[in-house]
Amino acid sequence: NQVKNIAILGSTGSIGTQTLDVIRWNSNLFRAFLLTAHSNADLLISQAIEFVPEYAIICDQSKYQEVKQALAHLPIQVLAGHQAIIDTVTHPEITVVLTAMVGFAGLEPTIAAIKAGKDIALANKETLVVAGDIVTALAKQHEVKISPVDSEHSAIFQCLVGEDNNPIEKLIITASGGPFRGRSLDFLANVTREDALKHPNWVMGAKITIDSASLMNKGLEVIEAKWLFDVEADQIEVIVHPQSIVHSLLQFRDGSIKAQLGLPDMKLPIQYALTYPERIPTNFKRFSFTDYPNLTFEKPDLETFRNLSLAYTALKQGGNMPCIINAANEIAVAGFLDRKIGFLTMSSIIEECMQKINFIANPTLTDYLNTDKETRIFAQNYIQQLPSKALQ
Ligand code: NDP
Ligand code: MG
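Predicted model, so just to flag it, every value in this text is computed and none were measured. (Residues numbered from 1 in each chain as written. Chains lettered and ligands numbered in written order. Predicted model: local features only at pLDDT ≥ 70, side-chain atom pairs only at ≥ 80, totals over all residues. Heavy atoms only, no water.)

J.: Give a detailed account of the packing of helix 5 (residues 107–115) against helix 6 (residues 125–141), specifying residues and quantitative values.
T.: Working note: a packed helix pair is described by the angle between its axes plus the distance between those axes. In contact at an axis separation of 10 Å, helix 5 and helix 6 are set at 10° when each is read in the N-to-C sense. Viewed along their axes, helix 5 and helix 6 adopt a mutual orientation that is roughly parallel. Across the interface between the two elements, L107, T110, I111, I114 and K115 of helix 5 pack against T127, V130, A131, I134, V135, L138 and A139 of helix 6. Residues of the contact of helix 5 with helix 6, tallied by class, amount to 9 nonpolar, 2 polar and 1 charged. (Axes fitted to C-alpha atoms, helices over the stretch in contact; angles between N-to-C directions. Helix = DSSP H or I, 4+ residues; strand = E, 2+ residues; numbered from the N terminus. Parallel < 35°, antiparallel > 145°, perpendicular 65-115°, else oblique. Contact = heavy atoms within 4.5 Å. Nonpolar A, V, L, I, M, F, W, Y, C, P; charged D, E, K, R; others polar.)

Right under this line is the structure:
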């Protein structure tokens, strides 16, 4: 039983730190080989001191000296910059690359890792949203496994075990509904950053928490599911399940439905992505039906939470449209977090970008990179030109 060398891209984030928890408790199975942060030098340093990885990479060049000096007494190579991540994920000793950085920044490192034949444990859903066709084709070509970390996709992945010859009829992806479930457009017009950051069931990074409040997270997950499981938009249903116990469901052609259940805890899907197809013992708190006598399910409100229907539209249109909505959404979420725009303006920005950015039916990787850049600039300008009454 060889120890697996794990590269954790985004080790200082919510998924990254929980991945290190899994590694800490299973040091006989896993070693943290490469850790990366965007700018959180303090946490990267303390993680590196504890885990002594081969590499510690900080994207923010201005923090390089600080990290290098703090780790000078340890046999760790300290590097800086986005390109250093792309160059290092290909290291021959790395077994699995766990992509836990946020947003479009995950795309190029993931592609580099796949081309080097590394298995991927994929948390960074934006990578598949932006360029799912290219990423999945490369994975096939290089015989690389992409194991989902996202809880819904992990649920489906777990339900698929033993079903190799049985086509999927439908995926049923559950959504908590977020903090604004059941609310009206009038209510949403006035919600604040603080309101939106209060997720009922999960503690996550800021970007995905806002995406969960707007249901964009579910939209991105629908697109992610298309690429992971090779299904069409009309085979993917979203159902709101506020308790977040049933993590998703899979329906077969005989009508039978399989589901995966558990308490909301990302450590389980993280660990399963690293141990699949094996399961290893955990001391995670167990789910009990008597603690949850009511598991409920309802239709999502697509008129109020427009981002989810915009994501379905983008998926059906294909080409670079999912890349456009992803970039527009990243700028919109950043604008909302900076208090530059209101909650509902996020959907307006996405819709405006879908209409105005040049559509490309069969994009190359360069087209995706350009679409991302172009959309970001357009969305930034759109925010700057908003009349002050739209700003909150
Ligand atoms: P966090 O914001 O908590 O962490 C993001 C990590 O990525 C941090 O290590 C951060 O570094 C780093 N990072 C941020 N921006 C960049 C960049 N431009 N380049 C390189 N590194 C960067 O996010 P989460 O852990 O919540 O989410 C990570 C990914 O996992 C997202 O794609 C999300 O959708 C997905 N996911 C998360 C879930 C969750 O429960 N949190 C559940 C399912 C999916 P620094 O700390 O220095 O800023
Ligand atoms: Mg999810």
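Next, the rest of the story.
J.: So, the environment of G177: which residues are in play, and what are the values?
T.: You can see G177 is positioned in the loop between strand 8 (168–175) and helix 8 (185–189). Exposure remark for G177: the relative accessible area of 6% places this residue in the buried category. With 110 residues separating them in the primary sequence, G177 and F287 have C-alpha atoms 21 Å apart. (Buried < 20%, exposed > 50% of the residue type's maximum accessible area, 1.4 Å probe, protein only.)

J.: Give a description of the nonpolar core that names residues and reports values.
T.: Counting residues in each nonpolar core, the largest one holds 90 residues, and the members touching the most others are L171, F229 and F343. In terms of residue count, the dominant contributor to this core is helix 14 (residues 321–337) (10 residues). Contact partners of F229, with chain neighbours within four places excluded, come to H153, I156, F157, L160, I168 and L171. Core analysis: the second largest hydrophobic core is formed by 34 residues, L44, F51, A121 and V149 among them. (Core = buried A, V, L, I, M, F, W, Y, C linked by side-chain atoms within 4.5 Å.)

J.: Let's hear about the site of ligand 1: which residues, and what values?
T.: Neighbouring ligand 1 are 24 residues, the closest being T12, S14, S39, N40 and E126. At 2.9 Å from an oxygen atom of ligand 1 is found a main-chain nitrogen or oxygen belonging to I15. Separating an oxygen atom of ligand 1 from a backbone N or O atom of G205 is a distance of 2.8 Å. When ligand 1 sits alone it has 900 Å² of accessible area, and the protein chains cover 86% of it. Elements with a contribution of two residues or more to the shell around ligand 1: helix 1 (14–25) and helix 6. (Near = heavy atom within 4 Å. Polar contact = N/O pair within 3.5 Å; in protein donor to acceptor, adjacent residues only side chain to side chain. Areas by Shrake-Rupley, 256 points an atom, 1.4 Å probe, with all protein chains shown as cover.)

J.: If you had to explain the coordination of the magnesium ion (ligand 2) to someone new, which residues and values would you point to?
T.: Looking at the magnesium ion (ligand 2), one finds its protein donor set to be D150 (OD), E152 (OE) and E221 (OE), positioned 2.1 to 2.2 Å from the metal centre. Given a relative accessible area of 8%, E152 falls into the buried group. (Donors = N, O, S within 2.8 Å, 3.2 Å for Na, K, Ca; no water.)

J.: An account of the sheet that holds strand 9 (residues 236–240) is requested, with residue identities and associated values reported.
T.: Strand order across the open sheet formed by 4 strands is 9-8-10-11, with mixed pairing between neighbours. Either end of the sheet is taken by a strand with one partner, and the two such strands are strand 9 and strand 11 (257–261). When the angles between neighbouring strand axes are averaged without regard to direction, this sheet yields 20°. Here strand 8 pairs with strand 10 (residues 246–252) via 5 bridges, running antiparallel. In the sheet register, I173 faces strand 10, and the bridge partner there is S248. (Pairing = 2+ DSSP bridges.)

J.: How would you sum up the sheet that holds strand 2 (residues 30–37)? Please name residues and give values.
T.: In sheet architecture, strand pairing relies on hydrogen bonds along the backbone and comes in two forms, parallel and antiparallel. Taken together, the 7 strands give an open sheet; going across it, the order is 4-3-2-1-5-6-7, and neighbouring strands pair in parallel fashion. Sheet topology places strand 4 (77–80) and strand 7 (146–148) at the edges, where each strand pairs with a single neighbour. Averaged over all pairs of adjacent strands, the angle between their axes in this sheet comes to 20°, without regard to strand direction. Note that strand 3 (residues 55–58) and strand 4 share 4 bridges and pair parallel.

J.: Tell me about helix 1, residues and numbers included.
T.: Two residues of an α-helix separated by three or four positions point the same way, owing to the 3.6 residues in each turn. Over its 12 residues, helix 1 runs 17 Å from end to end, which matches the ideal 16 Å to within 8%, given 1.5 Å per residue. Looking at the buried positions of helix 1, the neighbouring elements they touch are strand 1 (4–9), strand 2, helix 2 (41–51), strand 5 (96–99) and helix 12 (267–275). (Expected span 1.5 Å × (residues − 1).)

J.: Tell me about the packing of aromatic side chains, residues and numbers included.
T.: Taken as a whole and judged by the stated rule, the model has 10 aromatic pairs. Considering the side-chain rings of F180 and F343, the 5.2 Å spacing of their centres and the 90° angle between planes classify their relative orientation as edge-to-face. Here the residue F180 occupies a position in the loop between strand 8 and helix 8, and F343 occupies one in the loop between helix 14 and helix 15 (345–356), the gap between them amounting to 163 residues. Judged on exposure class, the residue F180 and its partner F343 are both buried. Among the aromatic residues, those joined into a ring-pair cluster are F180, F187, F336 and F343. Of note, K226 hangs over the ring of W227, and the distance from its end group to the ring centre comes to 4.9 Å. (Phe/Tyr/Trp six-rings, centres within 6.5 Å; stacked < 30°, edge-to-face > 60°. Lys NZ or Arg CZ within 6 Å of the ring centre and 35° of its normal.)

J.: I'd like a rundown of the confidence of the model for the chain, residues and numbers included.
T.: Averaged over the chain, the pLDDT score is 97; the fraction of residues at 70 or greater is 98%. ipTM for the predicted complex: 0.99, alongside a pTM of 0.97. (pLDDT = per-residue confidence, 0-100.)

J.: How would you explain the pattern of salt bridges if you had to name every residue and give the values?
T.: All told, the structure shown has 20 salt bridges when counted by the stated rule. A salt bridge links K125 to D150, with the nearest nitrogen and oxygen atoms 2.9 Å apart. You can see K125 sitting in helix 6 and its partner D150 sitting in the loop between strand 7 and helix 7 (151–159), a full 25 residues away along the chain. We note that K125, like D150, is buried. For E163, the salt bridge is made with K258, and the minimal N-O distance between the two is 2.9 Å. Placement of the pair is E163 in the loop between helix 7 and strand 8 and K258 in strand 11, with a sequence separation of 95 residues. One network of salt bridges, in which partners are shared, links K125, D150, E152, K218 and E221. (Salt bridge = Lys/Arg side-chain N within 4 Å of Asp/Glu carboxyl O.)

J.: Break down unusual backbone geometry for me, with residues and values.
T.: That bond from Y276 to P277 is cis: its omega, 5°, falls within 30 degrees of zero. Inspection of the secondary structure puts P277 in the loop between helix 12 and helix 13 (306–317). Located in the positive-phi region is V52, a residue other than glycine, with phi close to 40°. Among the secondary structure elements, V52 is positioned in the loop between helix 2 and strand 3. On the basis of relative accessible area, V52 is assigned to the partly exposed category, the value being 28%. The phi dihedral of D230 falls on the positive side, at around 55°, and the residue is not glycine.

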